[in-house]
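Structural description and commentary
This is what each chain is made of:
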Amino acid sequence: MAEQESLEFGKADFVLLDQVTMADFMDNLKLRFEKGRIYTYIGEVVVSVNPYKQTELYGKDVIEHYRGRELYERPPHLYAVADAAYKAMKRRAKDTCIVISGESGAGKTEASKYIMQYIAAITNPTQRAEVERVKNVLLKSNCVLEAFGNAKTNRNDNSSRFGKYMDINFDFKGDPTGGHINNYLLEKSRILKQQPGERNFHAFYQLLLGASDVLLDSLHLSRDPAAYRFTREGANDNSLGSEKSNHRAVADAMTVIGFTPEETSSVYKILAAILHLGNVHFVTTGDEMVIENAKLISVLAELTSTEPENLLNTLLYRTVATGGGDVIRKGHSTNEANYARDACAKAFYERLFCWIVARINTVIEVKNYNARIHGKNTVIGVLDIYGFEIFDNNSFEQFCINYCNEKLQQLFIELILQQEQEEYQREGIEWQHIEYFNNQIIVDLVEEPHKGIIARLDEACLTGGKVTDALFLESMNTRLGKHPHYTSRKLNPADKSMDFGRDFRIKHYAGDVTTDPVLQEMWPEGKQSIMEITKRPLTAATLFKNSMVALVENLASKEPYYVRCIKPNDQKSPLLFDAERCCHQVSYLGLLENVRVRRAGFAYRQPYDRFLLRYKMTCEYTWPNHLMDTDREATQALIEQHSFQDDVAYGHTKIFIRTPQTLFTLEQERAQLIPIIVLLLQKAWRGALARKRCRYLRAIYTIMSYYKRHKVKSYLLELVQRFQAVRSMADYGKSVEWPEPPAVLAQFQDNSKLIFRRWRARQIVKNIPPSDMDQIKAKVAALDVLQDRRIDWGCHRSWGRNYLVSVDENPTMATQFAKRVSALKDKIHFRSVLFSCHVRKINRCNKSTDRAILITDQHLYKMQPQKQYKVMRSIPLSMVTGLSLTSGVDQLIVFHTQNHDGLVVCLHKMQPENDNRVGELVGVLVDHFRRTKRELQVQVSDCIQLSLNGQKKLVTVEVCNGQTTPDFTKSHKGFVLRWPRR
């Protein structure tokens, strides 16, 4: 049984029904459909209900879910049957087949596609190119066959109007190597006429609505299906989507399969010829009959590569060979010409379809296969066959279709009975006879030699003179009147559902049923002269009967698997379940007979090991594992503990259970125990995981502890080794690289670096002469405020500070400057000169002029060099609040004061000329302010803002080519220092 589905979804296997009745069967089928379970088992048969909607039941993940699993390990599915057929073929090297049946619209074509896709997905794991090509051609063949063999009907938008049997050949590794397709009974009458709301075959509409304008012009076709008699009925139907994309898909598929461009062109020409042929009309003029639209003859002759005269004679005359060797040509009547035209159109399409199937077979057939070299060649057959079709008026094709179903139903029941009997015999279980309807009597009614309906039909065709339906009916009434499954109005006058002289009825078990090169290949008999053809061809009925006999023999030689498709309603609704409609299908598919045969007195069977795996927790002797000699003994102990020994039989390898109630009781006990077992397993597993994690953590922490010690010890040893000789180094260890510390010692290393830097600084400072200490402190102060803010601030040279007393800097006026400083010192009593230098400044009239500045420990003096350094202005240092300078190499500096009257100067006339003294001036002042416990703001900006004469001004620097000395110029916002490019 399907073990993964609970009883809320009904019985996953119809074999487990409490009572095998139609009511119980339908209730279970309806419940599963409403719950979204469209697949149900009957043993190894899958019953499929068309869901009429997209579902999540397919795809790569679902394929992997079913790959390699046994049939009952997963819920019912097409993939499970496909996998079972594939495994049986591969494991036992035995040919298998999958038979898909059901009426139009039940989902047979889709089911065959999913089965093909599954087989393609699970084969050729090594991706061999030739195998992939074969798989691709097999899949693409469906697209082509659907275009030429399917049509829209009132029951189905994509109804297969032919039967298809495909053999897929596999090599010894289980990879597809080729295949072969057989087609049965194409509904060629659809070419001439369709029921209201239906369409002709898809290929016509794909050509008219999807082909290019160039192609249509070459075929003399218009794009309007209403312009042609054979496509007029479905001309206004737009429900099937884009025919353009369909046409392109079919053309691509034909290319992949291997159709040459010439062959594809011939196919289109024949389709066009059939359309044009349908528009040929005959009229009588005097004693002669002519074609009303003579231009069509030239078009048809062009499309079929024939002579117009020969084609015209074919349409207007018939040729008869006499016994004496003479050939007589006789003109058609209008009715005879119309009949011959329509018969020709049907023959054209039937031969075209058969040629396409044959052409595909030439591509996919296994070539150059040698069993000695390549191993045994095995086969999986897929049969997509029509189901019963019951209409108010049933044609010859419906008669053949229903006969086919009778024939196959007889085979299916016989094969299932044979399989069941063989299994019972293998297991040593006594077989019980099963009553079921044997439809052999109906098969004989149709096909029995000299007596059956087909024999009567052949006899009528051989009779000389004009044969009418009435004469044929009278013949059958005479020969078959006493058959229990045959009747007519003459035999049963009270049945007014049949007309006298027209209708007969077969009582089925399901109910009562009332030319270019390509063209030449399609008619190989055309190569013979009319005088050489002496044997009457077999009738269509006999040909179909022979093909059915061959098909049944083929299927009987294989291990069969079945898919029974059911159509839930005629409205294509995913919600509606028409019970009466489904009941009818269940009847003619013989599903109740399948259930009865499968049960055969036992509702359930399972190998002992799998039975124990499922139910061993319900018995104390088998849980968690039994200690008995065999699984059979353990199974017997389990059954006896539940007192079910009177409801079972023990086979050699399987247990057989008679009633579903026994199984459901076991299922209920199992369902009650599963939560307890799950909790127990969770408890044990969580405990095991917790203990395992605890052991891991203990081990981890122990390892971490030892490793930390190792890392710390190694780090400290490395540190001592690297720094043990730093006292003797010239740079006191500045060049020594610190080792990478472990994380736990990161803070320790930061502290060590700080201590080391202080020690190193002390070592350096204690060797500096006291006379250099002031310069060192000033440089340190400049470093604090200018590092990473200015390109160059002169830290690498010696700072002279009082440059105006130097003869090198001020050769002519050094003495006068020294006298002026001495006089100021006597007057002001300052202690030291901090800085002095020539500058270029902006005066009160906003003009630039040369001046000198002197900075003492108390004042900032602006002096005039031309007048022996006369003091022009004195600013107490206590009034200075900040300094501003740029980030470049220029020597601009701005003094900010408390009274918001700034001083803008550029250090000037320095020796050497490119000396950088701004950093020195900043360092000296910052160091002095720090000593006096005051703060001096230092700003670095390329656009300096200040107050000058009570107005806001901006000062910027512009480096100029050709400028020899720095100078200030006015701008609209302030001043620009033009600095020479050096």
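Residues numbered from 1 in each chain as written. Predicted model: local features only at pLDDT ≥ 70, side-chain atom pairs only at ≥ 80, totals over all residues. Heavy atoms only, no water.

**A word on the packing of aromatic side chains**
Summed over all chains, the structure comprises 21 aromatic pairs. Here Tyr58 and Tyr114 contribute two aromatic rings whose centre-to-centre distance is 3.8 Å and whose plane-to-plane angle is 5°, an arrangement assigned as stacked. On the criterion of sequence distance, the pair formed by Tyr58 in the loop between strand S2 (45-49) and helix H2 (60-66) and Tyr114 in helix H4 (residues 108-122) is long-range, its members being 56 residues apart. For Tyr114, a relative accessible area of 19% corresponds to the buried category. Taking 5.1 Å as the distance between ring centres and 75° as the angle between the ring planes, the aromatic pair formed by Phe817 and Tyr869 counts as edge-to-face. Of this pair, Phe817 sits in helix H27 (residues 814-828) while Tyr869 sits in the loop between strand S22 (859-864) and strand S23 (870-876); the two residues are 52 residues apart in sequence, bridging distant segments of the chain. Accessibility assignment for this pair places Phe817 and Tyr869 in one class, buried. (Phe/Tyr/Trp six-rings, centres within 6.5 Å; stacked < 30°, edge-to-face > 60°. Helix = DSSP H or I, 4+ residues; strand = E, 2+ residues; numbered from the N terminus. Buried < 20%, exposed > 50% of the residue type's maximum accessible area, 1.4 Å probe, protein only.)

**Concerning the sheet that holds strand S29 (residues 951-960)**
The strand order S28-S29-S31-S30 describes an open sheet built from 4 strands, whose pairing is mixed. Edge positions in the open sheet fall to strand S28 (943-948) and strand S30 (967-970), since each of these has one partner strand only. Between one strand axis and the next, the sheet turns through 30° on average, direction left out of account. (Pairing = 2+ DSSP bridges. Axes fitted to C-alpha atoms, helices over the stretch in contact; angles between N-to-C directions.)

**Some thoughts on the nonpolar core**
Counting residues in each nonpolar core, the largest one holds 100 residues, and the members touching the most others are Phe148, Phe204, Leu221, Ile274 and Tyr349. Among the elements that take part in this core, helix H12 (residues 334-364) stands out by supplying 12 residues, more than any other. Dropping the residues within four chain positions of it, Ile274 is found in contact with Ile191, Phe204, Phe230, Ala345, Phe348 and Tyr349. Ile42, Val99, Tyr562 and Ile566 belong to the second-largest nonpolar core, a separate cluster that totals 59 residues. (Core = buried A, V, L, I, M, F, W, Y, C linked by side-chain atoms within 4.5 Å. Contact = heavy atoms within 4.5 Å.)

**Notes on the packing of helix H26 (residues 773-786) against helix H28 (residues 918-931)**
Following both chains from N to C, one finds H26 and H28 inclined at 100°, their axes separated by 7 Å at the closest point. With respect to each other, H26 and H28 are oriented roughly perpendicular. Seen from H26, the contacting residues are Asp774, Lys777, Ala778, Ala781, Ala782, Asp784, Val785 and Leu786; seen from H28, they are Gly919, Val922, Gly923, Val924, Val926, Asp927, Arg930 and Arg931. Looking at the contact of H26 with H28, its residues break down into 8 nonpolar, 2 polar and 6 charged. (Parallel < 35°, antiparallel > 145°, perpendicular 65-115°, else oblique. Nonpolar A, V, L, I, M, F, W, Y, C, P; charged D, E, K, R; others polar.)

**Concerning H27**
Taking 1.5 Å as the rise per residue, H27 with 15 residues should run 21 Å; its terminal C-alpha atoms sit 21 Å apart, in good agreement. For H27, the set of buried residues is Ala814, Phe817, Val821 and Leu824. One side of H27 holds all its buried residues, which, seen down the axis, span an arc of 85°. Facing away from the buried side of H27 by over 90 degrees, the exposed positions are Lys819, Asp826 and Lys827. Buried residues in H27 make contact with strand S20 (833-842), strand S21 (848-856), S22 and S23. Count one or two residues on from H27 and you reach His829, which has phi positive near 65°. (Expected span 1.5 Å × (residues − 1). Arc of directions from axis to C-beta.)

**A look at the sheet that holds strand S1 (residues 39-42)**
With mixed pairing, 7 strands are arranged side by side in an open sheet as S1-S2-S16-S3-S12-S6-S7. Each end of this open sheet is capped by a strand with a single partner; those strands are S1 and strand S7 (176-184). In this sheet, adjacent strand axes meet at a mean angle of 15° when their direction is disregarded. Across 4 bridges, the pairing between S1 and S2 is antiparallel. Bridging from a neighbouring strand, Ile42 pairs with Val45 of S2. With respect to the sheet, helix H1 (residues 22-34) is in contact with S1, S2 and strand S16 (559-566), its orientation differing from that of S1 by roughly 150°.

**Quick word on the pairing of strand S8 (residues 282-285)**
With 4 bridges connecting them, S8 and strand S9 (residues 288-291) associate as antiparallel partners. In the sheet register, Val283 faces S9, and the bridge partner there is Val290.

**Details of the environment of Ala227**
Position of Ala227 relative to the elements: it lies in the loop between helix H7 (213-218) and helix H8 (243-257). With residues up to four places along the chain from it excluded, the contact list for Ala227 reads Ser222, Arg232 and Asn279.

**Points about the pattern of salt bridges**
Going through the model one piece at a time under the given rule, you end up with 37 salt bridges. Note that Arg797 is salt-bridged to Glu920, the shortest N-O span being 2.8 Å. You can see Arg797 sitting in the loop between H26 and H27 and its partner Glu920 sitting in helix H28, a full 123 residues away along the chain. Residues joined by salt bridges that share partners form a network here, namely Arg797, Glu809, Asp915, Arg917 and Glu920. (Salt bridge = Lys/Arg side-chain N within 4 Å of Asp/Glu carboxyl O.)

The analysis is restricted to geometry; functional conclusions fall outside its scope.
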